[in-house]
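Observations on chain architecture
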Amino acid sequence: MVFYNPISFSINSTPVIVYPCPGVEMIFNRKEKGCIEKYITELYFENNIHENGEYNIIILWNEDEEVMVDLWIFDRIESWGSGPLVDVKIFRDKKIDLNTGVSAGDGLVLLGMEEQHRWTTQSLKEYLRGKRPKLPKRISANEEFYF
């Protein structure tokens, strides 16, 4: 699994970091800036995802012509003690999917690098607003999704 550079935005007051995977351009038009953000926002509202942690990391991929969303919810950043409490919800075409595995190895590397990067920042605000971590070449497309 390879990732385009992440797209950061907020839904309500929850910061969201989306890592699109190559292949989603079969579904999302790379020339239509904002189409991914629109899709993710619609997914949240259609699934009543209102209290969804302190921040979310989404891995956006496709399986054939179906949009897949791995929604990683990070919560209790300061109070949990051993790092954030993390939950995941998997969606297939905006519907919860209980039959697909939780993640692939490359996704776990990405999440680990994000968490390691968070350790190096002074605050959650700095982590969320700053640059994203540099991913290993093997999993980085090193390009923006939108033209």
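Provided above is the structure to which this section pertains.
Read on for a plain summary of the structure. In every chain, residue numbers begin from 1 and rise along the written sequence. Local features in a predicted model are, by the rule used here, given only for residues with pLDDT of at least 70; side-chain atom pairs are given and counted only at 80 or more, and totals for whole chains, interfaces and linings are based on all residues. Remark: hydrogens and water are excluded; side-chain values derive from all non-hydrogen atoms of the structure.

This next bit is on the overall build of the chain. Looking only at helices and strands, one finds three helices and six strands in the chain. For this measure, only C-alpha atoms enter the radius of gyration; the expected value for a globule follows 2.2 Å times N^0.38, where N is the number of residues. Compactness check: the chain gives a C-alpha radius of gyration of 15 Å against a globular reference of 15 Å for 147 residues, within 12% of the reference. By its C-alpha atoms, the chain is 40 × 35 × 30 Å across when sized along the principal axes. The buried label applies to any residue whose accessible area, calculated with a 1.4 Å probe on protein chains only, is under 20% of its type's maximum; exposed applies above 50%, and partly exposed to all values in between. Evaluated residue by residue, the chain yields a buried proportion of 45% over its 147 residues. Residues are treated as being in contact if the distance between any of their heavy atoms lies within 4.5 Å. The contacts in the chain between residues at least 6 apart in sequence include a share of 56% that link residues at least 24 apart. For accessible areas, the Shrake-Rupley method is used with a probe of radius 1.4 Å. Any residue's cover is judged against the shown protein chains and nothing else. Counting every atom, the chain has about 8300 Å² of accessible surface; 50% of that belongs to carbon and sulfur. Here a strand is any run of E in DSSP of at least two residues, a helix any run of H or I of at least four, and the numbering for each starts at the N terminus.

With that settled, consider the nonpolar core. Side-chain atoms within 4.5 Å link the members of a nonpolar core, which is a set of buried Ala, Val, Leu, Ile, Met, Phe, Trp, Tyr and Cys residues. Membership of the largest hydrophobic core comes to 24 residues, with the highest contact counts inside it found for Ile36, Ile40, Leu60 and Val69. Elements supplying a minimum of two residues to this core: strand 1 (7–11), strand 2 (14–20), helix 1 (35–46), strand 3 (55–63) and strand 4 (66–75). Counting residues per element, this core draws most heavily on helix 1, which supplies six residues. With residues up to four places along the chain from it excluded, the contact list for Leu60 reads Val18, Tyr19, Pro20, Cys21, Val24, Phe28, Ile36, Ile40, Val67, Met68 and Val69. Ranked by size, the runner-up nonpolar core spans 19 residues in total, among them Ile59, Met68, Phe74 and Ile139.

Turning our eyes to something else, we now look at the packing of aromatic side chains. In summary, the pairing rule links any two rings of Phe, Tyr or Trp, Trp by its six-membered ring, whose centres are within 6.5 Å, and it sorts them by plane angle into stacked for under 30 degrees, edge-to-face for over 60 and tilted for everything else. Inspection of every chain in the model, using the stated rule, returns six aromatic pairs. Their ring planes at 75° and their centres at 5.9 Å tell us that Phe3 and Tyr19 sit as a pair that is edge-to-face. Residue Phe3 is located in the segment before strand 1, and its partner Tyr19 is located in strand 2; the two are separated by 16 residues in the primary sequence. Each member of the pair Phe3 and Tyr19 is classed as buried. Arranged with centres 5.3 Å apart and planes meeting at 80°, the rings of Phe28 and Tyr39 form a pair that is edge-to-face.

A few words now on the pairing of strand 5 (residues 85–92). Criterion used throughout: strands pair if DSSP finds at least two bridges between them. As paired elements, strand 4 and strand 5 share eight bridges and run antiparallel to each other. Bridge pairing in strand 5 places Leu71 opposite Lys89. Here two bridges tie strand 5 to strand 6 (residues 95–96), and the two strands are oriented antiparallel to one another. Note on strand 6: the bridge partner recorded for Phe91 is Ile96.

So, on to the sheet that holds strand 3. Judged by pairing direction, the sheet is mixed, and its six strands sit side by side in the order 1-2-3-4-5-6 without closing on themselves. Two strands bound the open sheet, and with one partner strand each, they are strand 1 and strand 6. The pairing of strand 3 with strand 4 spans nine bridges and is classified as antiparallel. Among the inter-strand pairings, Asn56 is bridged to a residue of strand 4, identified as Ile73. Geometry is summarised by axes, namely lines fitted to C-alpha atoms with helices restricted to the contacting stretch, and by angles between N-to-C directions that run from 0 to 180 degrees. Of the strands in this sheet, strand 1, strand 2, strand 3, strand 4 and strand 5 are in contact with helix 1, which crosses strand 1 at around 35°. Helix 2 (residues 105–119) rests against strand 2, strand 3 and strand 4 of the sheet, and its axis sits at about 160° to strand 3.

A separate point is helix 1. Over its twelve residues, helix 1 runs 16 Å from end to end, which matches the ideal 16 Å to within 8%, given 1.5 Å per residue. Every buried residue belonging to helix 1 is among Cys35, Ile36, Glu37, Tyr39, Ile40, Leu43 and Tyr44, and all of these are buried. Those residues of helix 1 that are buried are in contact with strand 1, strand 2, strand 3, strand 4 and strand 5. Just beyond helix 1, the residue with positive phi is Asn48, at close to 50°. Expected span of a helix, by definition, is 1.5 Å for each gap between consecutive residues, and there is one gap fewer than residues.

No statement about biological role is implied by the geometric values presented.
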